[in-house]
Amino acid sequence: MKIMKPQRDVGIVGYGAYVPRYRLRGTEISRMWEGEQGSTPPIKEKAVPGLDEDVATMSLEAARNALKRAAIDPSRIRAVWVGSESHPYAVKPTSTIVAEAIGAVPHTLAADWQFACKAGTEAMQAALGFVGSGMADYALALGMDTAQGRPRDALEYTAGAGGAAFLVGPAEESLAVLEGSTSYVTDTADFWRRQHEHYPAHAGRFTGEPGYFRHVLAAASEIMAALGRKPADYAHVIFHQPNTKFPRKAGRELGFSSEQLVAGLLVDDIGNTYAGAAMIGLTSVFDVAQPGERVLMVSFGSGAGSDAFDLRVTDAITARRGRALSTRDYIVRRHELDYATYARHREKIRME
Amino acid sequence: MEIARHWRLQRHRYALVGEVCNHCGVKIFPARDVCPECNAPAKTPYTFSGKGEVYSYSTVHHPPEGFEHFAPYVVALVRLAEGPLVAAQLTDVEGEKIEIGMPVEMVTRKLRDDGSRGTIVYGYKFRPVIASGTSADVKDASV
Amino acid sequence: MRDVSIIGIGETPVGEHWEKSLKELAGDAIQAAIKDAQIERVDVLYVGNMCSGTLNGQEHLGALISDWVGLRGVEAVKIEAACGSGAAALRLGYVAVAGELADFVVVAGVEKMTDRPSEQVTAALAMASDADFEAQNGLSFVALNALLMRRYMHEFGVCHRDFAPFAINAHKNAVNNPYALFPHAVTAEDFSAAKMIADPVNLLDSSPVCDGAAAVVLCPTEIARQFAARPVRIRASSAATDTIALHDRRDLLGLEGAALSAAKAYSQAKVTPKDIDLFELHDAFTIMSVLSLEACGFAERGRGVRLGAQGDIAIGGKIPITTMGGLKARGHPVGATGIYQVIEVALQLREQAGANQVRDARLGMAQNIGGSGATVVTTILEAVE
């Protein structure tokens, strides 16, 4: 398998996270459906968007944070690509709203990407190739979701809200340089949502081995093999995190220690942010990473596929990370909701 | 639904773009093309920092049509760091004690949502300034 | 320029007129005013109204109402200046008679608000503000007044309960007004316990949504005596504006439009605030009463609220206000309010105010405000000996 790497060296020149302020504790969901003596929820709590938030507003804040760190003229951005499974419109781009608001219009591409939880990293791959080809100097890739879980479904405990933006640019300006990437995709229907449906459906345990593990493990193994790396070469590794178990198990099977996972494992605090999950893990790693450290990020999107990225942190990170709010700044900002208020926030109460 | 009207206002609403008077230097929001201080033409766009403080505030319990979805919500006059007052909603304030003088920052949020067949209008609101911890320290403490 | 007097007045009770339409209400008031004036000819009809387009699906009120009331053929037009529509129409009537363009002018104000649910009324009233930068940000009209009130309380260190005397005074005076919507007294305890509308503005700070119509007949003062035993002379009529949006005001609490409008009126009448025997002010909210009193020179900045506690605003006080209940308790059918105010001043000057008569009232002032202070029409009226 040949590693993917553009001829022009590229990397990430700016990054930004966003997590909404509201939280729903797992025990509040289990109280609702299992009573006070319910089983232990899969995660501690998940982030819930405000009444006036959606993927467009959340993407915009993450994009603004990425721009603050990169400190470039936004009119030089040649693509704004937003990956999500919860775009506010079925037809009409989220990306034009973001592009307009940050001042990237009109000389830019803008499109919304859809590939379940891998939509954001798919946009990243494209942005890396786009800048790598020389067609553009800067491209903005986002993964952001306000994921919905059907009430009482297992996914209701984890379907969170949040995500991240990465401004891709030339390697010499980057705070993390791309060493290479891979993608591993098959047609595997482990999770889906049909047009006009409010909630997604899933294939239960089928989403585990044939879905998540098959793709994540393959993408991770192949990128390490292609670049001649071993787990110990990475200071940090980030996996897509639909719950706390899957990424830890993937890490163990590949030979990573829990210390390598910890900086990028946020699911216990904010839930599974779908297209944002692996990417906001990466912003969290960038918040603490040191120059010279290597980082491996592996996403997973149902349907199904994984993108893996091998990144090397540069000296530029030190000056840039303080220019915008950190991932943790958003995570510690929290206002707890009860289930009824959550139901209102997520439009589970029928008003008309 | 007034698509064209909201489209015309996008530039002002999405990013708090007003004007600056090249004659006397006053920063103007919303744009009015004529300087309120010296009456000189003022058409140079100026993007405000979005930083400001609460000048006055109220909670709307009885919303006008089109805003029922968000009620109750907090509205305010915000004194922008560059000078002008702006009327806007405060957001992310449930459980917060709001006070005159409280520092706030601009965010772009849904102003109104005209339902499953309509469009969504986005614009500026203000929220309490989020405390920025030194990320490394906070992270280390939590590990 | 000719001197102008009011020779006829007519009003409907303010209320929820489920049985009557907008044109029927206007017709009742106009017919009553014409009957009171005993005129046989009308040259012009001006109709003050704010919300007929949005709440009644009807514009073109000049033609509609002139025909309905039996004035087919006369010049007739609707005047709109938000809640200041009534007095703005009166001012045009004054201009027409003073300018010798007409001899007999009927000025009516009418509003029919109760046919619509409250969210739609709230949205319609918000049209008095800046649509793009106030209303579209979710600021209701009450909210704008709440922003003024909060700031006032902050700057001058006063509490919400300090505004109670304004509501109490208005309700007390409404008891003796057969046309009032709320002819019942309220207490300080009622005021503190009232339902919150937009913090700190509660229900008893606010004037109510209601229906009503009022009309006056104007003619040159030189012939007024032929029609009325006690004509009421318009000693001054002035209008001024301020920025439509609160956030554009140079001085948020200064109510500069009201100050300007009052100064022009005092100048025209050659009087000072001390000469005014009663003041029908625009108490759409208690904060508006306070700001108006200050802007019109009855109190220093930041001290208007004290006039309430000191009893100065009561009948028999230094400057009686809302003598027939004001917007708060007589009611605020928005486009009609300016005419109700003028009629109430006229009743005082004609010594027909009954139990609420201000003794020896010679000079009365009415001030009608559109929006949060953006259009201000001031009228000074004088009893003709």
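Within each chain, residues carry numbers counting from 1 in the order of the written sequence. For this description, chains carry letters from A and ligands carry numbers from 1, given in the order in which they are written. With pLDDT at 70 or above as the cut-off, local features in this predicted model cover only qualifying residues; side-chain atom pairs require 80 or more to be listed or tallied, and sums for whole chains, interfaces and linings still use all residues. Each side-chain value is worked out from all heavy atoms of the structure, with water and hydrogens disregarded.

> Any chance you could explain the sheet that holds strand S12 (residues 294-298) of chain A here in plain terms?
Hydrogen bonds along the backbone pair up the strands of a sheet, which may run parallel or antiparallel. Residues and elements named next belong to chain A. Paired strands, in this sense, are two strands between which DSSP finds at least two bridges. What counts as a helix is a DSSP run of H or I of at least four residues, what counts as a strand is a run of E of at least two, and both are numbered from the N terminus. Strand order across the open sheet formed by nine strands is S5-S4-S6-S7-S1-S8-S13-S12-S11, with mixed pairing between neighbours. The open sheet is flanked by strand S5 (109-113) and strand S11 (236-239), the only strands paired with a single partner. For this sheet, the mean angle separating the axes of adjacent strands, direction not counted, is 20°. Judged from the two bridges that link them, strand S1 (residues 10-18) and strand S8 (residues 176-188) form a sheet pairing that is antiparallel. In the sheet register, Gly11 faces S8, and the bridge partner there is Val177. Helix H3 (residues 94-102) rests against strand S4 (77-83), S5 and strand S6 (138-146) of the sheet, and its axis sits at about 135° to S4. Axes here refer to lines fitted to C-alpha atoms; in helices the fit is confined to the stretch in contact. Angles between the N-to-C directions go from 0 to 180 degrees. Every residue pair with non-hydrogen atoms within 4.5 Å of one another is taken to be in contact.

> Please clarify how the interface of chain A and chain B should be interpreted in this entry.
In many reports, interface size means the accessible area that the parts give up when they come together. With 32 residues of chain A at the contact, the number on the chain B side is 34 residues. In this description, buried area is defined as the sum, over both parts, of the accessible area (probe of 1.4 Å) that is lost when the two are combined. Taking both partners together, chain A and chain B bury about 2,800 Å²; carbon and sulfur atoms supply 50% of that area. Polar contact is the term for a pair of N or O atoms within 3.5 Å; when the atoms are in protein, one must be able to donate a hydrogen and the other to accept it, and sequence-neighboring residues count only if both atoms are side-chain atoms. Here chain A is connected to chain B by 19 residue pairs in polar contact (both at pLDDT 80 or more). Elements supplying a minimum of two residues to the side of chain A that touches chain B: helix H2 (55-70), H3 and helix H11 (327-332) of chain A. Residue contributions to the side of chain A that touches chain B peak at five residues, all from H2(A).

> Is there a simple way to think about the interface of chain C and chain B in this case?
On the chain B side, the residues contacting the 30 residues of chain C number 36 residues. Between chain C and chain B lies a buried interface of about 2,900 Å² when both sides are counted; carbon and sulfur atoms form 58% of it. Considering only the side of chain C, the residues that lose the most area to chain B are C:Phe133, C:Gln136 and C:Asn137, jointly responsible for 23% of the buried surface there. Between B:Arg5 and C:Asp132 there is a salt bridge, with the nearest N and O atoms lying 2.8 Å from each other. Scanning the region where chain C abuts chain B turns up 16 residue pairs in polar contact (both at pLDDT 80 or more). Of all elements in the fold, only helix H5 (118-125), helix H6 (141-156) and strand S5 (196-198) of chain C reach the threshold of two or more residues within the side of chain C that touches chain B. Residue classes in the side of chain C that touches chain B are distributed as twelve nonpolar, eight polar and ten charged. Between Lys or Arg on one side and Asp or Glu on the other, a salt bridge is scored when a side-chain nitrogen of the former is within 4 Å of a carboxyl oxygen of the latter. Residues were grouped as follows: Ala, Val, Leu, Ile, Met, Phe, Trp, Tyr, Cys and Pro as nonpolar; Asp, Glu, Lys and Arg as charged; and all remaining residues, including Gly, as polar.

> Sorry if this is basic, but what is going on with the side chain of A:Glu85 here?
Along the polypeptide, A:Glu85 turns up in the loop between S4 and H3. There is no salt bridge for the buried A:Glu85, and the closest opposite charge comes from A:Arg193, which lies 4.7 Å off by N-O distance. Think of it in three bands: with a 1.4 Å probe and only protein chains considered, a residue is buried below 20% of the maximum accessible area for its type, exposed above 50%, and partly exposed in between. A residue counts as positive if it is Lys or Arg and as negative if it is Asp or Glu; His and the chain ends are not included.

> Before we go on, may I ask you to explain the environment of C:Glu382 in this structure?
Residues and elements named next belong to chain C. Here Glu382 shows up in strand S11 (residues 375-383). A relative accessible area of 14% means that Glu382 is categorised as buried. If we ignore the near neighbours within four places in the chain, the residues touching Glu382 are Pro231, Val232, Arg233, Arg235, Leu349, Arg362 and Leu363. At a separation of 3.1 Å, a polar atom in the side chain of Glu382 contacts the side chain of Arg235.

> Help me understand the packing of aromatic side chains, please; the structure alone is not making it clear to me.
Between two aromatic rings, the relevant description is the distance of the centres plus the angle of the planes. In this analysis, rings of Phe, Tyr and Trp, with Trp reduced to its six-membered ring, are considered paired at centre separations within 6.5 Å, and the interplanar angle assigns stacked below 30 degrees, edge-to-face beyond 60, and tilted for intermediate values. Taken as a whole, this structure holds 24 aromatic pairs over all chains when the rule is applied. Between A:Tyr212 and A:Phe246 the ring centres are 5.0 Å apart and the planes differ by 50°, which places this aromatic pair in the tilted class. With a gap of 34 residues between them, A:Tyr212 in helix H5 (residues 208-227) and A:Phe246 in helix H6 (residues 245-254) connect regions that are remote in the sequence. Judged by relative accessible area, A:Tyr212 falls into the buried class, the value being 1%. Between the aromatic rings of C:Phe104 and C:Phe227, the centroid separation amounts to 5.3 Å while the plane-to-plane angle is 80°, which identifies the pairing as edge-to-face. Of the two residues, C:Phe104 sits in the loop between helix H4 (85-98) and strand S4 (105-111) while C:Phe227 sits in the loop between helix H9 (221-224) and strand S8 (232-241), which places them 123 residues apart along the sequence. Overall, C:Phe104 belongs to the buried group, its relative accessible area being 8%. One aromatic cluster is present, formed by B:Phe29, B:Tyr46, B:Phe48, B:Tyr124 and C:Phe133 through successive ring pairs. In this structure, A:Arg69 packs its charged tip against the face of A:Tyr15, placed 4.1 Å from the ring centre. Put simply, a charge is over a ring when the Lys NZ or the Arg CZ is close to the ring centre, within 6 Å, and near the line of the ring normal, within 35 degrees. Directly above the ring of A:Phe213 sits A:Lys249, whose terminal nitrogen or CZ lies 4.6 Å from the centroid.

> When you look at the domain arrangement of chain C in this model, what are you seeing that I'm missing?
Residues and elements named next belong to chain C. Partitioning chain C into structural domains gives domain 1 (4-117 + 210-224) and domain 2 (132-208 + 234-383). Taken together, the contacts link 40 residues of domain 1 with 33 residues of domain 2. Roughly 2,800 Å² is buried in total at the junction of domain 1 and domain 2, and carbon and sulfur atoms are behind 69% of that figure. Looking at the side of domain 1 facing domain 2, the largest losses of area belong to Glu11, Val14 and Cys83, adding up to 26% of the total buried there. At the boundary of domain 1 and domain 2, one finds one salt bridge. As a salt-bridge pair, Asp36 and Arg350 come within 3.3 Å of each other at their nearest N and O atoms. Where the side of domain 1 that touches domain 2 is concerned, the elements lending two or more residues are strand S1 (4-11), H4, S4 and strand S7 (212-220). Considering every element that reaches the side of domain 1 that touches domain 2, the biggest residue donor is H4, with seven residues. A per-class count over the side of domain 1 that touches domain 2 returns 24 nonpolar, eleven polar and five charged. Domain extents, as shown, originate in an automatic or database domain assignment.

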